[in-house]
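Report on the structure
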2 protein chains.
Amino acid sequence: MNHRILDKIGKYEFIAEPFHCDFSGRMFLGHLGNQMLNAADFHSTDRGFGMKYLMTIQRSWVLSRLAIEMEEMPEQYERFSVETWVESSMRFFTSRNFRVTGSDGRVYGYGRSIWAMIDTESRQPTDIFSIDNGAINNWIEAEKPCPIEKGGRVKMSENADFVRSIDVNYNDIDINGHVNSVKYIEHTLDLWDIDWYRKHRLKRFEIAYVAETHQGDKLSFYREQTAENEYCVRLVKTEAQTENSVEVCRCRVVFG
Amino acid sequence: MNHRILDKIGKYEFIAEPFHCDFSGRMFLGHLGNQMLNAADFHSTDRGFGMKYLMTIQRSWVLSRLAIEMEEMPEQYERFSVETWVESSMRFFTSRNFRVTGSDGRVYGYGRSIWAMIDTESRQPTDIFSIDNGAINNWIEAEKPCPIEKGGRVKMSENADFVRSIDVNYNDIDINGHVNSVKYIEHTLDLWDIDWYRKHRLKRFEIAYVAETHQGDKLSFYREQTAENEYCVRLVKTEAQTENSVEVCRCRVVFG
């Protein structure tokens, strides 16, 4: 077993690449989210329950919720680290946390995520503890602090305003044939323009994934202001073939 | 001077991250292009003429043309390397090449690029040889083969078909306030759908940058078939304020 020589917490270094930074020279939240998901993948792979292994036994991790709360974003060319650890695991859900630090050790922010494990054939949830006799329990790190609010249900009324629809294209789709988790974040943050971002700092972003979107579908965005500097966004797909409309995810965006 | 201990050719390792791969599990060309541009940046920074230094003297590299020709694309989770070197330099243009190899040394493909150097205040071209007494000439590597066609002028008639218009959003814009070079590639490749990519391999992509696009502008795509499996695409911006239409770049896309 690997776990005797590996820490429960994995730490991975990244660089804030120029094209992953916005007009202000700070990293886009979507790209930071992507690095968190990479860190999760590296961490779980090193410890024997990564995607690559799960594929061989017809299983896959599915991201159910992600919340990111940042005091500051890494700046262009900056090296930063993402630490990640499993905070808890139940039979059908695992909770994984993240901490983002600068090369000087300064804490930029945190993330929280909830994952399910599915059978890739039936697309149904499966028992996480069935993997290697519940081996994930060897990796629980309940003590390390993650001092940000857990993501709850994103509450929205029926009065959200329609903002826009976009087509789902080739570059949105990952190997599973679905819009990838990061693209939803990017498209949602595109609802605000640069003038808005000049005046408001993105403080917290929360997303709850509900259903999958495919190429050819249309994605419609409905937005509702829920508090001062807080907005919720409902993403609804219209399926290419059936023209059915289905909610695919919900976001809560808090500006500072 | 650094150049006594550094090779003329820089080699940088990357990994084909899951969310940088398409429905087929192969890397998106836009992300590969991004890694080429990262490699160019690392190479020039290490040798004293990188963006970060140029910023301090009010200069910047500007990508003028990029051509990528691939036999195969790196697969999800694969480690690959991008080698880059300066093939030649004139007063106003530098030609930089790329070679992409797998961890087993297999060659995946090549890239060619042309760069100008501008004064960041006047936005006018400046003399590349004025940097450190023509120091770039110490780094010319004219012998290493780059066996792909140079990018020429992309010839198009006035008969190209209008395909679509899109809004330029927050996530398209980089620290210079312009649409970043990689986003043009992605939006252009989004003109074809997954069914097309299932049947056709993207073999060569060429882009010539002409003008800059800003947030709030609309980008319109005009496409013309110029040979079997070869298409040219003209990207035209409509400026938010003036409603002027201006060509911003031209692509040539060859499928295998």
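Sequence order as written defines residue numbering, which begins from 1 separately in each chain. In the order they appear in the text, chains get letters beginning with A and ligands get numbers beginning with 1. In view of the model being predicted, local features appear only for residues whose pLDDT reaches at least 70, and side-chain atom pairs are presented and counted only at 80 or more, with totals across whole chains, interfaces and linings using the full set of residues. With hydrogens and water stripped out, all remaining heavy atoms of the structure feed into the side-chain values.

Observations concerning the interface of chain A and chain B
Here, residues are in contact when the closest pair of their heavy atoms is within 4.5 Å. Taken together, the 41 residues of chain A in the interface contact 41 residues of chain B. Taken together, the two surfaces of chain A and chain B that pack against each other cover about 3,800 Å², and 54% of this comes from carbon and sulfur. What qualifies as a polar contact is a pair of N or O atoms within 3.5 Å, subject to a donor-acceptor requirement within protein and to the restriction that residues adjacent in sequence count only when both atoms come from side chains. Summed over the shared surface of chain A and chain B, the number is 18 residue pairs in polar contact (both at pLDDT 80 or more). In this description a helix means any DSSP run of H or I spanning at least four residues, a strand means any run of E spanning at least two, and both kinds are numbered starting from the N terminus. Sort the elements by how many residues they give to the side of chain A that touches chain B and helix H1 (residues 29-46) of chain A lands first, with six residues. In the scheme used here, Gly and all other residues not listed as nonpolar or charged are polar, with Ala, Val, Leu, Ile, Met, Phe, Trp, Tyr, Cys and Pro taken as nonpolar and Asp, Glu, Lys and Arg as charged. Within the side of chain A that touches chain B, the residues separate by chemical class into 19 nonpolar, 12 polar and 10 charged. When two parts are brought into contact, each loses some accessible area as probed by a 1.4 Å sphere; the total of that loss over both is the buried area.

A word on the confidence of the model for chain A
pLDDT is a per-residue confidence score from the predictor, ranging from 0 to 100. Averaged over chain A, the pLDDT score is 95; the fraction of residues at 70 or greater is 98%. Here the predicted complex scores 0.96 on pTM and 0.94 on ipTM.

Quick notes on the packing of aromatic side chains
Here the aromatic set is Phe, Tyr and Trp, taking the six-membered ring for Trp, and pairing holds for ring centres within 6.5 Å; pairs whose planes are under 30 degrees apart are stacked, those over 60 apart are edge-to-face, and all others are tilted. This structure, assessed with the given rule, holds 28 aromatic pairs over all chains. Ring centres 5.6 Å apart and planes at 55 degrees place the aromatic pair Tyr12 of chain A and Phe42 of chain A in the tilted group. Of the two residues, Tyr12 of chain A sits in strand S1 (residues 10-15) while Phe42 of chain A sits in helix H1, which places them 30 residues apart along the sequence. The rule is simple: take the accessible area with a 1.4 Å probe, protein chains only, and divide by the maximum for that residue type; under 20% is buried, over 50% is exposed, in between is partly exposed. For Phe42 of chain A, a relative accessible area of 24% corresponds to the partly exposed category. In this structure an aromatic cluster arises from ring pairing among Phe23, Phe28, Trp192, Trp196, Tyr197, Tyr231 and Phe255 of chain A together with Tyr170 of chain B. Against the face of Trp85 of chain B rests Lys144 of chain B, its NZ or CZ located 5.2 Å from the ring centre. Geometrically, a charge over a ring is one whose NZ (Lys) or CZ (Arg) sits within 6 Å of the ring centre while staying within 35 degrees of the ring normal.

With respect to helix H3 (residues 181-189) of chain B
Burial analysis of H3 of chain B places nine of its nine residues in the buried class, which makes it a mostly covered element. Structurally, the start of H3 of chain B carries an N-cap: the backbone nitrogen of Val182 of chain B is 2.9 Å from a side-chain oxygen of Asn180 of chain B.

As for the relation of the copies chain A and chain B
Overlaying chain A on chain B yields an RMSD of 0.0 Å, the required transformation being a rotation through 180 degrees with an accompanying axial translation of 0.0 Å. A rotation of that kind, with that shift, is consistent with a two-fold axis. Every residue of chain A has its C-alpha some distance from the rotation axis, and the shortest such distance is that of Ile166 of chain A, at 4.5 Å. Interface overlap between copies is the fraction of interface residues in one copy that are interface residues in the other; for chain A against chain B it reaches 100%, indicating a shared surface. Alignment of the copies relies on least squares applied to C-alpha atoms, considering only residues that score at least 70 for pLDDT in both.

Focus on the sheet that holds strand S6 (residues 161-167) of chain B
Residues and elements named next belong to chain B. Here the rule is simple: two strands pair whenever DSSP picks up at least two bridges between them. The strand order across the open sheet built from 10 strands is S1-S3-S4-S5-S2-S7-S10-S9-S8-S6, with neighbouring strands paired in antiparallel fashion. Sheet topology places strand S1 (10-15) and S6 at the edges, where each strand pairs with a single neighbour. Neighbouring strand axes in the sheet, compared pairwise and without regard to direction, differ in orientation by 25 degrees on average. Across nine bridges, strand S9 (residues 230-238) lies against strand S10 (residues 245-255) in antiparallel orientation. What sits directly across from Leu235, in S10, is Cys249. The axes are straight lines fitted to the C-alpha atoms, using for helices just the contacting stretch, and the angles between their N-to-C directions are given from 0 to 180°.

A look at the pattern of salt bridges
Here, a salt bridge means any Lys or Arg side-chain nitrogen found within 4 Å of an Asp or Glu carboxyl oxygen. All told, the structure shown has 46 salt bridges over all chains when counted by the stated rule. Lys218 of chain B is the salt-bridge partner of Asp167 of chain B, the closest N and O atoms lying 2.8 Å from each other. Of this pair, Asp167 of chain B sits in strand S6 while Lys218 of chain B is found in strand S8 (residues 218-227), placing the two residues 51 residues apart along the sequence. Residues participating in the shared-partner salt-bridge network are Glu69, Glu149, Arg204, Glu206, Glu230 and Arg252 of chain A.

Overview of the side chain of His178 of chain A
Residues and elements named next belong to chain A. Take His178: it is sitting in the loop between strand S6 (161-167) and helix H3 (181-189). Here His178 falls in the buried class, since its relative accessible area comes to 11%. A polar contact of 3.3 Å, which involves the side chain of His178, links it to the side chain of Glu212. Those residues in contact with His178 that sit more than four places away from it in its chain are Arg123, Asp172, Ile173, Glu212, Thr213 and His214.

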